[in-house]
Amino acid sequence: MEKIDILSLTLPELEMHVQEMGEKKFRAKQIFQWLHVKHANSFEDMSNISLELRTKLSEMFCIKQLNIERKLESSIDNTVKYLYRLSDGMFIETVLMEYNHGMSLCVSTQVGCKMGCKFCASTIAGFERNLLPSEILQQVYRTQSDTGKKISGIVLMGIGEPLDNYKNVMRFLELVSCPDGYGLSLRHVTLSTCGIVPKIKELADKKLGLTLSVSLHCPENDGRSEIMPVNRTYNVYELIEATREYIDKTGRRVTYEYAVIDGVNSDRENARKLATLIKGINCHVNLIPVNTVKEREYKSSRESAMKFMNMLTEMGINATVRRTLGSDIDAACGQLRREAEKQTEKSGEGY
């Protein structure tokens, strides 16, 4: 019988299992806190649990583990990039970033990505599978244990599209915010999406309090469809309307991410179209110099992004250029994973 992934269980679910095992309900809370507060890696670590119960737990449950395959530390700004190997041998990336307000962690939600955005390295190696709630959680727990630094903010902006793994991501958010566990306020969580409109609407109905970040990258349909295939299914006007609905229902400001690409979306006409598209919306535009990816020809610079920001500002739009972190370690997601998979293929390991 396949063992149950205990880290993906909510406290009520764990209570049900524990009672079915003939144990007192309060034992579930002890186990839950060992997992989500003390970050125990094995049932043997649970010193206030009887040996008999620990044995039962190890027979029935498993604790999903991540192994550090590679770790890169920036000498510029203390950014740390992790390449984690999952239990099935696949790879994901996680990036720890230091800000004045504390440590923020950018986590992956899928192994690979099926969205096909042309400027993104994450999609090049293809999509393999969704991450389990436990595998998203362990990026937080494993990174915190390795660095000894409390993670006070989480960004779901790593490899994968969070809303394409909606059920597992919602479970992750429930677990990471549980008062009896890690207890992170969802106001310190940002979820980034390329624009899966029906799921944005579902998320709005939940009123979780998190920040929604939408990858816009182009203000009109033809150009956006060229660089972001998802636009062919949910066009830019449907997307903007969904973000308006999100703001109305949650009262939260939306961030529009815009990767400035020289010769593609960086001229004054694009700035004018963008300003017209989002004028009057409670939003912020986060401009990003596009990352250099070996397989792509897209180019940009901080100067290009600053110039575009100035044009938007003149047009009355609130915009800033994202601070570049970990530039000396290629902290943008997807690149380490591709390198690791190439090495795995050469060695004949496979999965």
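Numbers given to residues run from 1 along each chain, matching the order in which its sequence is written. Totals for whole chains, interfaces and linings use every residue, but because this is a predicted model, local features are given only for residues with pLDDT of at least 70 and side-chain atom pairs only at 80 or more, for both listing and counting. The side-chain figures draw on all heavy atoms in the structure; neither hydrogens nor water molecules are used.

Next up on the list: the pattern of salt bridges. Within this document, salt bridges are pairs made up of a side-chain nitrogen of Lys or Arg and a carboxyl oxygen of Asp or Glu, the two lying within 4 Å of each other. The full count for this structure, using the stated rule, is 19 salt bridges. Where Glu 13 meets Arg 171, a salt bridge forms, and the shortest distance between an N and an O atom there is 2.9 Å. Here Glu 13, found in helix α1 (residues 11-20), pairs with Arg 171, found in helix α5 (residues 166-176); they are 158 residues apart in sequence, far enough to count as distant. Across the salt bridge formed by Lys 29 and Asp 180, the nearest N and O atoms sit 3.4 Å from each other. Of the two residues, Lys 29 is situated in helix α2 (residues 26-36) and Asp 180 in the loop between α5 and β10 (189-193); the sequence distance between them amounts to 151 residues. Each residue is assigned to one of three classes by its accessible area relative to the maximum for its type, calculated with a 1.4 Å probe on protein chains only: buried under 20%, partly exposed between the two thresholds, exposed over 50%. A relative accessible area of 24% places Asp 180 in the partly exposed class. Working definition: helices are DSSP H or I runs of at least four residues, strands are E runs of at least two. Numbering for both runs from the N terminus.

It is worth spelling out the side chain of Thr 211 at this point. Within the secondary structure, Thr 211 sits in strand β11 (residues 211-215). Under the relative-accessibility criterion, Thr 211 is labelled buried at 17%. A polar side-chain atom of Thr 211 sits 3.1 Å from a polar atom in the side chain of Arg 252. Contacts are assigned to residue pairs that have any heavy atoms within 4.5 Å of one another. With sequence-adjacent residues up to four places away left out, Thr 211 is seen in contact with Val 189, Thr 190, Leu 191, Arg 252, Arg 253 and Thr 255. Polar contacts, as used here, are pairs of N or O atoms within 3.5 Å; protein pairs need one atom able to donate a hydrogen and one able to accept it. Residues neighboring in sequence count only if both atoms are side-chain atoms.

We treat two strands as partners when DSSP finds at least two bridges between them. Here strand β3 (residues 67-73) pairs with strand β4 (residues 80-85) via six bridges, running antiparallel. Bridged to Arg 70 within β4 is Leu 83. The antiparallel hairpin formed by β3 and β4 contains six residues in its connecting segment, where Asn 78 sits at a positive phi of about 70°.

When you line up the elements, Thr 250 lands in helix α8 (residues 236-250). Put simply, Thr 250 and Ala 204 are 46 residues apart on the chain and 6.4 Å apart in space, counted from C-alpha to C-alpha. Sequence-distant contacts of Thr 250, that is, excluding residues within four places in its chain, are made with Ala 204 and Lys 207. Within the local environment of Thr 250, its side chain forms a polar contact with the backbone oxygen of Tyr 246, the two atoms lying 2.7 Å apart. Within the local environment of Thr 250, its side chain forms a polar contact with the backbone nitrogen of Arg 252, the two atoms lying 3.1 Å apart.

Between N-to-C directions, angles span 0 to 180 degrees; the directions come from axes that are lines fitted to C-alpha atoms, helices contributing only their stretch in contact. At a closest axis distance of 9 Å, the pairing of helix α6 (residues 197-206) and α8 adopts a crossing angle of 5°. In terms of orientation, α6 and α8 fall into the roughly parallel class. Together, Val 197, Ile 200, Lys 201, Leu 203, Ala 204 and Asp 205 of α6 and Glu 238, Leu 239, Ala 242, Glu 245, Tyr 246, Lys 249 and Thr 250 of α8 make up the contact between the two elements. For this classification, Asp, Glu, Lys and Arg are treated as charged, while Ala, Val, Leu, Ile, Met, Phe, Trp, Tyr, Cys and Pro are nonpolar and the rest, including Gly, are polar. By residue class, the composition of the contact of α6 with α8 is seven nonpolar, one polar and five charged. For this classification, under 35 degrees means roughly parallel, over 145 means roughly antiparallel, 65 to 115 means roughly perpendicular, and everything else is oblique.

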